[in-house]
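Observations on the model geometry
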There are 2 protein chains.
Amino acid sequence: MNPIRSPGVTRRVMLSSLAMLPALAGTLAPKPALAQTATSGGLLSSWNDGPAKQAIFDFVRATIARSSPSYVFPEDRIAVFDQDGTLWVEQPMYTQVIYCLDRVPAVAAKKPELRNVEPFKTVLSGNREAIARLPMRDLEKILAATLSGMSVEEFNAEVKAWLETARHPRWNRPYTELIYQPMLELLRYLRDNAYKTYIVTGGGQDFVRVYAEKVYGIPPEQVVGTAEGTKFGYGKDGKPFLTKEPKLLLNDNNAGKPEGIHLMIGRRPYAAFGNSTGDRQMLEWTGAGAGARLKMLVLHDDAVREYAYGPAQGLPDSKVGTFTQALYDEAKKDGWTVISMKNDWRRIFAFE
Amino acid sequence: MNPIRSPGVTRRVMLSSLAMLPALAGTLAPKPALAQTATSGGLLSSWNDGPAKQAIFDFVRATIARSSPSYVFPEDRIAVFDQDGTLWVEQPMYTQVIYCLDRVPAVAAKKPELRNVEPFKTVLSGNREAIARLPMRDLEKILAATLSGMSVEEFNAEVKAWLETARHPRWNRPYTELIYQPMLELLRYLRDNAYKTYIVTGGGQDFVRVYAEKVYGIPPEQVVGTAEGTKFGYGKDGKPFLTKEPKLLLNDNNAGKPEGIHLMIGRRPYAAFGNSTGDRQMLEWTGAGAGARLKMLVLHDDAVREYAYGPAQGLPDSKVGTFTQALYDEAKKDGWTVISMKNDWRRIFAFE
């Protein structure tokens, strides 16, 4: 889940996570390369043997064997993955929100009149306690100013440049290295069996598309996310261009996930992966189809190697990726598989 | 171009074309099979030798040869096709509009109270002159009543059933057989060279997705069209479902085509094919990219084998697919290729 346009959660994330950020200006850090999608080792080698790994193997075998009653034609093999907390780290806050705050100095440099206008003045002050107190409508101004108003090419270049310099506060590594190695292996395993892998994220569609191909092996057209409109126009040279507009087309969270899947893919997935209540409807929609359907939720229960949060199973409450006990109970009741990061993943990151 | 939500054109089409329809109730006709995508003969064998065929060969060679300065990586090879008038016949009116009118009896059977309510009463009367006089807001009621309010599965089944029985008035064949054979060969030729082929249509995205895979070899997720929202909900049995809503998300005509391409594909195409002013911005957007880009427009100049309509090159004015002289002039000026159906296509339909 990622709350670019989900006011309640966005506010909660903003208010409580900003103080944890070591720095908003990642632009001074050196230039590391983006993470590679290459995996080492054999088939799902970063997964421990157990019910989660077994559920994956069982599902794939059931849907690819011609003799199976659950056989699925290759063209129908669709698998959808939430991103934040499912494919990469979402703590201490959603990466895209950090991006938006980090972009404020650059936006203010182009529009100096913003320096003395709230909420930009507060963000530029670097006073994180004050930033955390900004009201929702101010935060939306920051999102609008940093995610729209530029051409789609300019936006792509801005995100790309940021990803090359920004570092995660805990690991001091690029965010694109904080990808879960077991999930990279799962993506590849499904693709090797003719599954088309999609990201279906509450995060910004254009944001994720910038790095999804390099990081996950997922091309732009297979990234579904919270999407805002663009406006076609002509430059002074007569050349056409598209400008990003602050006009919401799809809020790809909760019920918006199956709605977004219908809009962008047009068929029901056979496998769905998430980690929070924002993914519930996507898993329900996937599970309501006939035949074998794989529904999996990542449970963040490993405080040592990653984080442990979410109130399911008595884990501490969190500001992002809400895995409630009710979601856990629904998973158990309906035969969804809960992936324990602690028990099911032998390795979490490629750099370990 | 297809004007599902393009009031001006829709009205023009509706007012003047209805009288040309031999029958609105195709449901009594026998059940023919959907057209196959299979082609006979060799490479682009339905194309005559000439500048159009040559432009296609030149473009493909320039973008697939590793040594070419215009080489395009396979994952970037995107080709977009308008549908109505580019891939299939759009005369005497857009097929989907015929579908909507044909659906009115079924809608009224489920909701008998509509029988005495305009505009349904007029449509049910079969009086085509009266139908042609219906004001725009009445026509929109017909579109809303026939394209929304049902589950996505119900809609798919309704369209599928209609396609199996409805016949084109001139050829007395299913609409899905009125596909241009040269374009089927072109689609296949591009795919054989690793191009991902997309439909980018002003027609309804959900409508075209029903038959695009079978007819064109284009899967649902590669159909971009005028799109309305869906709403996620739960049935009495607790099962989740998606209901089609009369809420416009994307008007995929004119500037909406490049905007839709950005939303649904996320990268600029290398080749674009259209036949009307509704495709102009899509071809401009495609052509504004670096390297080799193929931009082609189908000119309907063959009254004997198909239709001749215009007004480019002095062809008679038409109610659909407006190919203006200004568009023709832009094509010539900017190096787009105009395909003359009369001269460039040896064969138009597979059944010829």
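Above this text you will find the structure in question.
Here's what I pulled together on the structure shown here. (Residues numbered from 1 in each chain as written. Chains lettered and ligands numbered in written order. Predicted model: local features only at pLDDT ≥ 70, side-chain atom pairs only at ≥ 80, totals over all residues. Heavy atoms only, no water.)

In this section: the sheet that holds strand 4 (residues 240-250) of chain A. One open sheet holds the seven strands; their spatial order is 4-3-2-1-5-6-7 (chain A), and the pairing between them is mixed. The open sheet has two edge strands with one neighbour each: strand 4 and strand 7 (337-340) of chain A. Each strand of the sheet is rotated relative to its neighbour by a mean of 35°, with strand direction disregarded. By the bridge criterion, four bridges tie strand 5 (residues 271-274) of chain A to strand 6 (residues 294-299) of chain A in an arrangement that is parallel. Residue Gly274 of chain A lies in a different strand from strand 6 of chain A, and its bridge partner there is Leu297 of chain A. On top of the sheet, helix 10 (residues 256-264) of chain B reaches strand 3 (223-234) and strand 4 of chain A; it is set at about 155° to strand 3 of chain A, its chief contact. Contacting strand 3 and strand 4 of chain A, helix 11 (residues 280-287) of chain B crosses the sheet at an angle of about 95° to strand 3 of chain A. (Pairing = 2+ DSSP bridges. Helix = DSSP H or I, 4+ residues; strand = E, 2+ residues; numbered from the N terminus. Axes fitted to C-alpha atoms, helices over the stretch in contact; angles between N-to-C directions. Contact = heavy atoms within 4.5 Å.)

With 39 residues of chain A at the contact, the number on the chain B side is 39 residues. Carbon and sulfur atoms make up 55% of the area that chain A and chain B hide from each other, which totals about 3,300 Å². If you look at where chain A meets chain B, you find eight salt bridges. Across the salt bridge formed by Glu153 of chain A and Arg268 of chain B, the nearest N and O atoms sit 3.0 Å from each other. At the surface where chain A touches chain B, the tally comes to 26 residue pairs in polar contact (both at pLDDT 80 or more). Looking at the side of chain A that touches chain B, the elements with two or more residues in it are helix 7 (152-165), strand 2 (196-204), helix 9 (205-216), strand 3, strand 4, helix 10 (256-264) and helix 11 (280-287) of chain A. (Buried area = accessible area lost by both parts, 1.4 Å probe. Salt bridge = Lys/Arg side-chain N within 4 Å of Asp/Glu carboxyl O. Polar contact = N/O pair within 3.5 Å; in protein donor to acceptor, adjacent residues only side chain to side chain.)

Moving on to the sheet that holds strand 2 (residues 196-204) of chain B. Residue and element names in this part refer to chain B. Spatially, the seven strands line up as an open sheet ordered 4-3-2-1-5-6-7, and their pairing is mixed. The open sheet has two edge strands, strand 4 (240-250) and strand 7 (337-340), and neither has a second partner. Between one strand and the next, the sheet's axes are offset by a mean angle of 35°, whatever the strand orientation. Of the strand pairs in this sheet, strand 3 (residues 223-234) and strand 4 are connected by seven bridges, and their pairing is antiparallel. Counterpart to Phe232 in the pairing with strand 4 is Leu242. The sheet contacts of helix 8 (residues 181-192) involve strand 1 (78-81), strand 2, strand 5 (271-274) and strand 6 (294-299), and relative to strand 1 the element is tilted by about 165°.

For the rest of this paragraph, the subject is helix 9 (residues 205-216) of chain B. All names here are of chain B. Between its first and last C-alpha atoms helix 9 spans 14 Å; for twelve residues at 1.5 Å apiece the expected length is 16 Å, and the helix comes up short by more than 12%. The buried fraction of helix 9 is high, at nine of twelve residues. Within the sequence span of helix 9, burial applies to Gln205, Asp206, Phe207, Val208, Arg209, Tyr211, Ala212, Val215 and Tyr216. Count one or two residues on from helix 9 and you reach Gly217, which has phi positive near 75°. (Expected span 1.5 Å × (residues − 1). Buried < 20%, exposed > 50% of the residue type's maximum accessible area, 1.4 Å probe, protein only.)

Bear in mind that shape data such as this cannot, by itself, settle questions of function.
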